[in-house]
Amino acid sequence: MNIDDAPATGFIQPGPTLANTFDDDRALRSHLRRVLPGELLAVAGTDYAALGEHAAKAWESARSRTPEAPRLVQWDAWGTRVDRIETTRAWQHGPVLAARFGLVATGHEAAHGAHARVDQFARVYLHHVASEFFTCPLAMSDGAVAALKASGNAALCARVLPRLLSRDPDRLWISGQWMTETAGGSDVGRTATVARRDAQGRWRLHGRKWFTSAVIGEMALALARREGAGDGADALALFLVETRDAEGCWNGIRVDRLKDKLGTRELPTAEIHLEGSLAEPVGDLAHGVRQVAPMLNVTRTWNAVCALATMRRCLALTLAHARRREAFGHALARLPLHRATLAALQAEFEAAFGLVFFVVELLGRVEHGGGDADQALLRALTPLAKLWTAKLAVRIASETCEAFGGAGYIEDTGIPLLLRDAQVYPIWEGTTNVLALDALRALRGDRIRHVLHAADALLVEAGGDAHGIAAALGAARDQLDSLEHSRDELESVARGIALTLARGFAAALLARHARWTREQQGNAQTGAALSLFAAHGISRLRAPAMDAVAMLVDNGAP
Ligand SMILES: Cc1cc2nc3c(=O)[nH]c(=O)nc-3n(C[C@H](O)[C@H](O)[C@H](O)COP(=O)(O)OP(=O)(O)OC[C@H]3O[C@@H](n4cnc5c(N)ncnc54)[C@H](O)[C@@H]3O)c2cc1C
């Protein structure tokens, strides 16, 4: 049959397309205009536009080909164990784009001082979805830079930092972080990998790492217990492992298999055995968890920025679809309930955007000598931003599937992928509960006052508090104070406290930005986002209900 003779098919809904994702992003553009110096924005703006163009094209091209997945080839044709990981096209191109756009390096650009982090994370945000999660090993590489700088190990820094921060793809190194084992990811104190000296006195690691997302990288930071050291997290040490030796052979690493995952399928997450891998201590041979903490602050920030990027992609596609798809005689975007549903999601996104990019700004300030108040604020807001945005990304991705109707459930529209991928955000780099408890530690004693004090200052800049933001934050502080002596009760409501503080602080930031956009750009949209966000309720506090919880979880037993 000639193709022209094909029967008429009737109505066909065109798929959603993306414009340049930088040109099209009001929240990002107005935020950068407020916080970055004009000269930096003018220069970096060319890169942002190029990344936005690439993102739009990558979306189109991904729709026109079969999805790819990485593959582990364990044996060559002649029976030699090779453990070769074959990556997808986007991943093969990953180092080139990472180096060209300085996705790690720009965050450490001395000439840009505290603004370097804002510049860097604007790039990460624009590139993340198109990168097919190549941002995951980049996050770990950036985290490794932070941990190495904090370690004060001058020899390791001199050898490794120029590689991790290289703008030349042939010199660029990627780092993994090897912490999670079969016994624990949250509870790394149960790490069983052992560090033992060989006959030449060099350290070698023996053990099994259960989730390693960057075994394709040139190095990793790994937690291990020095042989004979005691139990628990404090006895762990942090080691740098180069994955290959001088001949390009694996450094005592056996790749057992790649994980078969719900999402992030382009990312080759491996299970590995360390069989005497040569390793170098980063610092002293204990307190490895403390040494890895600077890395976690950075990777959690990446997680929050990437969650934002997913939300923004979901909203851009949903809105594009709603403007073209008709039901009951109108475009979906004209139907009152659909409009209200989309606007509420956009408002949540804009609030989250403000919080995440404030954390980014704080990170830059702290790395450039920020004072105690900035440090306390960064320590408290990082887990809050990570945990809230992770949950919100899943919610927005789920609403996105629904907003596309049946098409949102069909793989080759590209929409279900957004939901499957989003589910990683609340798991990787600390689950919601683990981060809520971490936030409680960060807010202990007087430290919550830093958060409330900073929010008050934002509300003054905003010209007032018309939405009860200070009251919501104050109620979270009161619950924290009142339960301080009842550890179990306090832990049981930690999520509510964390979410309320995240939402309240985000609302204060949005109020300040609303005033700025109104006065400087004559734009009332941020103010509208604030009204909708607040109308959805800032507080997520819950009263402790220990008896009811026990009845449900312990199967009725007292
Ligand atoms: C795609 C992907 C890639 C990954 N890549 C890496 C990697 O490269 N390197 C690496 O080291 N790890 C990696 N991980 C592992 C990841 O960091 C861990 O899975 C995660 O930290 C959770 O640890 P766990 O699996 O041991 O879960 P568990 O700790 O067993 O958690 C199970 C549940 O218990 C809850 N829970 C745990 N402790 C508490 C508590 N004290 N109070 C209340 N609730 C609690 C958690 O919130 C969760 O709901 C990856 C994971 C995924 C999914």
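Up top is the structure.
Note that the coordinates shown come from a computational prediction; the quantities given were computed from them, not determined experimentally.

**Student:** Before we go on, may I ask you to explain the overall build of the protein chain in this structure?
**Tutor:** Looking only at helices and strands, the protein chain has 17 helices and 11 strands in total. Taken over the C-alpha trace, the protein chain has a radius of gyration of 24 Å; the compact-globule value for 558 residues is 24 Å, and the two agree within 12%. For the protein chain, the residues scored as buried account for 53% of the 558 residues in total. Within the protein chain, one finds 62 positive and 63 negative side-chain charges whose respective centroids are separated by 1 Å.

**Student:** Can you walk me through the packing of aromatic side chains in this structure?
**Tutor:** What describes a pair of aromatic rings is the distance from one ring centre to the other and the angle between the planes of the rings. Enumeration over the complete set of coordinates arrives at 11 aromatic pairs. Judged by centre distance (6.0 Å) and plane angle (65 degrees), the ring pair of F349 and F353 falls under edge-to-face. On the criterion of helical spacing, the pair formed by F349 and F353 is a turn pair, its members being four residues apart in helix α8 (residues 336-367). F353 matches F349 in its accessibility class, with the two residues each being buried. Considering the side-chain rings of W388 and F533, the 6.0 Å spacing of their centres and the 55 degrees angle between planes classify their relative orientation as tilted. Of this pair, W388 sits in helix α9 (residues 372-403) while F533 is found in helix α16 (residues 525-535), placing the two residues 145 residues apart along the sequence. Classification of F533 by relative accessible area gives buried; the value is 0%. An aromatic cluster of three or more residues is present, and its members are Y125, F349, F353 and F357.

**Student:** I keep staring at the pattern of salt bridges and nothing clicks. Help me out?
**Tutor:** With the rule as written, the count across this model stands at 37 salt bridges. Its salt-bridge partner being E227, residue R196 comes within 2.9 Å of it at the nearest N-O pair. Here the residue R196 occupies a position in strand β4 (residues 194-197), and E227 occupies one in the loop between β6 (219-226) and β7 (236-242), the gap between them amounting to 31 residues. For R196, a relative accessible area of 33% corresponds to the partly exposed category.

**Student:** Can you walk me through unusual backbone geometry in this structure?
**Tutor:** Most of the time, phi is negative for any residue but glycine, and the peptide bond is trans. One non-glycine residue, F133, adopts positive backbone phi at about 70 degrees. With respect to the helices and strands, the residue F133 is situated in the loop between α4 (116-127) and α5 (135-151).

**Student:** In this structure, what is going on with the site of the ligand? I would like to understand it.
**Tutor:** The full set close to the ligand counts 21 residues, and T180, G185, S186, S213 and T431 are the nearest of them. Here M179 contributes a backbone N or O atom positioned 2.9 Å from an oxygen atom of the ligand. Separating a nitrogen atom of the ligand from a side-chain N or O atom of T180 is a distance of 2.7 Å. When the ligand is considered free in solution it has 970 Å² of accessible area, and contact with the protein chains removes 66% of it. If you list the elements that add at least two residues to the shell around the ligand, you get β5 (203-212) and α11 (432-443). Top contributing element to the shell around the ligand by residue count: α11, with three residues. Taken together, the residues of the shell around the ligand sort by class into eight nonpolar, 11 polar and two charged.

**Student:** Can you help me understand the side chain of Q479 in this one?
**Tutor:** Tracing the chain through its elements places Q479 in helix α13 (residues 469-482). Among the residues examined, Q479 registers a relative accessible area of 12% and is labelled buried. Apart from the residues lying within four places of it in its own chain, the contact partners of Q479 are V493, I497, L541, R542, A543 and P544.

**Student:** How should α11 be read in this particular structure?
**Tutor:** Along an α-helix, residues three or four apart share an orientation, since each turn contains 3.6 residues. In a regular helix each residue adds 1.5 Å, so 12 residues correspond to 16 Å; α11 covers 16 Å between its end C-alpha atoms and thus fits that length. Every buried residue of α11 is listed here: T432, L435, A436, D438, A439, L440, A442 and L443. Where α11 is buried, its residues meet α7 (288-324), α9, α12 (448-462), α13, α14 (487-492) and α15 (494-521). Just downstream of α11 lies G445, where phi reads positive at about 65 degrees.

**Student:** What am I meant to see in the packing of α4 against α8 here?
**Tutor:** Each pair of packed helices can be summarised by the angle the axes make with each other and by the distance between the axes. Between α4 and α8, the least distance of the axes is 8 Å, while the angle of their chain directions is 140 degrees. When the axes of α4 and α8 are compared, the pair comes out oblique. The element α4 and its partner α8 pack so that their crossing is right-handed. Residue-level contacts link R117, V118, F121, A122 and Y125 of α4 to F349, F353, F357, V360, E361, L363, G364 and E367 of α8. Tallied by class, the residues present in the contact of α4 with α8 amount to nine nonpolar, one polar and three charged.

**Student:** Sorry if this is basic, but what is going on with the nonpolar core here?
**Tutor:** As a rule of thumb, soluble globular proteins bury nonpolar side chains together. In terms of nonpolar packing, the biggest core is built from 125 residues, with Y125, W388 and F505 touching the most fellow members. Tallying contributions element by element places α9 first for this core, with 15 residues. Each residue touching W388, except ones within four places of it in the same chain, is listed here: E348, A351, A352, L355, L499, A502, R503, A506 and F533. In this structure, C157, M179, L221 and V292 belong to the second largest nonpolar core, which totals 22 residues.

What counts and how
- Residues numbered from 1 in each chain as written.
- Predicted model: local features only at pLDDT ≥ 70, side-chain atom pairs only at ≥ 80, totals over all residues.
- Heavy atoms only, no water.
- Helix = DSSP H or I, 4+ residues; strand = E, 2+ residues; numbered from the N terminus.
- Rg over C-alpha atoms; globule rule 2.2 N^0.38 Å.
- Buried < 20%, exposed > 50% of the residue type's maximum accessible area, 1.4 Å probe, protein only.
- Lys, Arg positive; Asp, Glu negative; His and termini not counted.
- Charge placed at Lys NZ, Arg CZ, Asp CG, Glu CD.
- Phe/Tyr/Trp six-rings, centres within 6.5 Å; stacked < 30°, edge-to-face > 60°.
- Salt bridge = Lys/Arg side-chain N within 4 Å of Asp/Glu carboxyl O.
- Near = heavy atom within 4 Å.
- Polar contact = N/O pair within 3.5 Å; in protein donor to acceptor, adjacent residues only side chain to side chain.
- Areas by Shrake-Rupley, 256 points an atom, 1.4 Å probe, with all protein chains shown as cover.
- Nonpolar A, V, L, I, M, F, W, Y, C, P; charged D, E, K, R; others polar.
- Contact = heavy atoms within 4.5 Å.
- Expected span 1.5 Å × (residues − 1).
- Axes fitted to C-alpha atoms, helices over the stretch in contact; angles between N-to-C directions.
- Parallel < 35°, antiparallel > 145°, perpendicular 65-115°, else oblique.
- Left-handed = near helix turned anticlockwise from the far one by under 90°.
- Core = buried A, V, L, I, M, F, W, Y, C linked by side-chain atoms within 4.5 Å.

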